Amino acid sequence: MAALIIRSLSQTTRRGVQVTSVRFANKMMADPLEHATGLEKQELMAKAAGNDNPFDMRVYKRISGDQTNPTVVPSFYEKRLVGCICEEDATCINWMWLEKGDKKRCECGYWFQLADAKPMV
């Protein structure tokens, strides 16, 4: 009886596989800019216009910032999360929120301040 059940299961689960190869000699994928929408499209358009960093995500070197001459960080918004690598060989980042108009001191002693930046859009 068990052999009969196994044989019937193996016969019902069998199916044929058909493999064909299709070649399109002159067909290419469309430009990604044509398919993109929203922020992705804005990013691709900014890169096409020559702006390699449209969201301003580059790393800024901090200057010997004291309270009178802080490291200036551009921002589109009223607040921005900033990470400070306090020592060259540090394995962690000291994160802090900066607000426009206020200067803030990191634990290592460097000062930071937000500045207005032009939005991408």
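Rules and cut-offs
Residues numbered from 1 in each chain as written. Predicted model: local features only at pLDDT ≥ 70, side-chain atom pairs only at ≥ 80, totals over all residues. Heavy atoms only, no water. Phe/Tyr/Trp six-rings, centres within 6.5 Å; stacked < 30°, edge-to-face > 60°. Buried < 20%, exposed > 50% of the residue type's maximum accessible area, 1.4 Å probe, protein only. Lys NZ or Arg CZ within 6 Å of the ring centre and 35° of its normal. Core = buried A, V, L, I, M, F, W, Y, C linked by side-chain atoms within 4.5 Å. Helix = DSSP H or I, 4+ residues; strand = E, 2+ residues; numbered from the N terminus. Contact = heavy atoms within 4.5 Å. Pairing = 2+ DSSP bridges. Axes fitted to C-alpha atoms, helices over the stretch in contact; angles between N-to-C directions. UniProt positions renumbered as here; feature names shortened; annotations may be inferred. 1 Å grid on protein atoms, 1.4 Å probe; cavity = no way out; pocket = protein on both sides within 12 Å on 5 of 7 lines; lining within 4 Å. Polar contact = N/O pair within 3.5 Å; in protein donor to acceptor, adjacent residues only side chain to side chain.

Named according to an unreviewed UniProt entry, the chain is Cytochrome c oxidase subunit 5B-like originating from Homarus americanus.

Student: Tell me about the packing of aromatic side chains, and name the residues and values.
Tutor: Using the criterion set out here, one finds 1 aromatic pair in the structure. With a centroid separation of 6.3 Å and 75 degrees between ring planes, the pair formed by F76 and Y77 is classed as edge-to-face. A residue is classified by how much of its surface remains accessible, and F76, at 29% relative accessible area, is partly exposed. A cation over an aromatic ring shows up here: K79 above the ring of W97, its NZ or CZ 5.6 Å from the ring centre.

Student: I'd love a proper account of the nonpolar core, names of residues and values included.
Tutor: If you look at the biggest cluster of nonpolar residues, it comprises 8 residues: V73, V82, C84, M96, L98, C106, F112 and L114. Of all the secondary structure elements, the ones that give two or more residues to this core are β2 (79–84), β3 (94–99) and β5 (111–116). With residues near it in sequence (within four places) discarded, C84 still touches R62, I93, N94, M96, C106, C108 and F112.

Student: Quick rundown of the sheet that holds strand β1 (residues 71–75)? Include the residues and the values.
Tutor: Read from one edge of the open sheet, 3 strands run β1-β5-β4, paired in mixed fashion. Of all the strands in the sheet, just β1 and β4 (103–105) have a single pairing partner and so form its edges. Taken over all neighbouring pairs, the strand axes of this sheet differ in orientation by 30 degrees on average, direction set aside. Alignment of β4 against β5, held across 3 bridges, turns out to be antiparallel. Note on β5: the bridge partner recorded for R105 is W111.

Student: Tell me about the pairing of β3, and name the residues and values.
Tutor: Of the two faces of β3, the one holding N94, M96 and L98 is buried and the one holding W95, W97 and E99 is not buried anywhere. Direction of pairing for β2 relative to β3: antiparallel, over a ladder of 6 bridges. Within β3, the position partnered with G83 by the bridge is W95.

Student: So, the UniProt feature "binding site: Zn(2+)" (unreviewed entry) in the chain: which residues are in play, and what are the values?
Tutor: Per the UniProt record, "binding site: Zn(2+)" (unreviewed entry) is annotated on C84, C86, C106 and C108. Across 25 residues in sequence, these annotated residues keep their C-alpha atoms within 8.7 Å of one another, forming a single compact spot. Considering only the residues just annotated, the largest pocket is lined by C84 and C86. Here C86 lies in the loop between β2 and β3. Taking relative accessible area as the criterion, C86 reaches 25% and is therefore assigned partly exposed. Structurally, C106 can be placed in the loop between β4 and β5. Ignoring anything within four residues of it in the chain, the contact list for C106 reads C84, C86, N94, M96 and F112.

Student: Could you give an account of the side chain of R80, naming the residues involved and the relevant values?
Tutor: Mapped onto the fold, R80 is located in strand β2. Taking the relative accessible area as the measure of exposure, R80 reaches 18% and is therefore buried. Only 2.3 Å separates the side chain of R80 from the backbone oxygen of P74, close enough to count as a polar contact. Apart from residues no more than four positions distant in its own chain, R80 is found in contact with D56, V73, P74, S75, M96, W97, L98 and L114.

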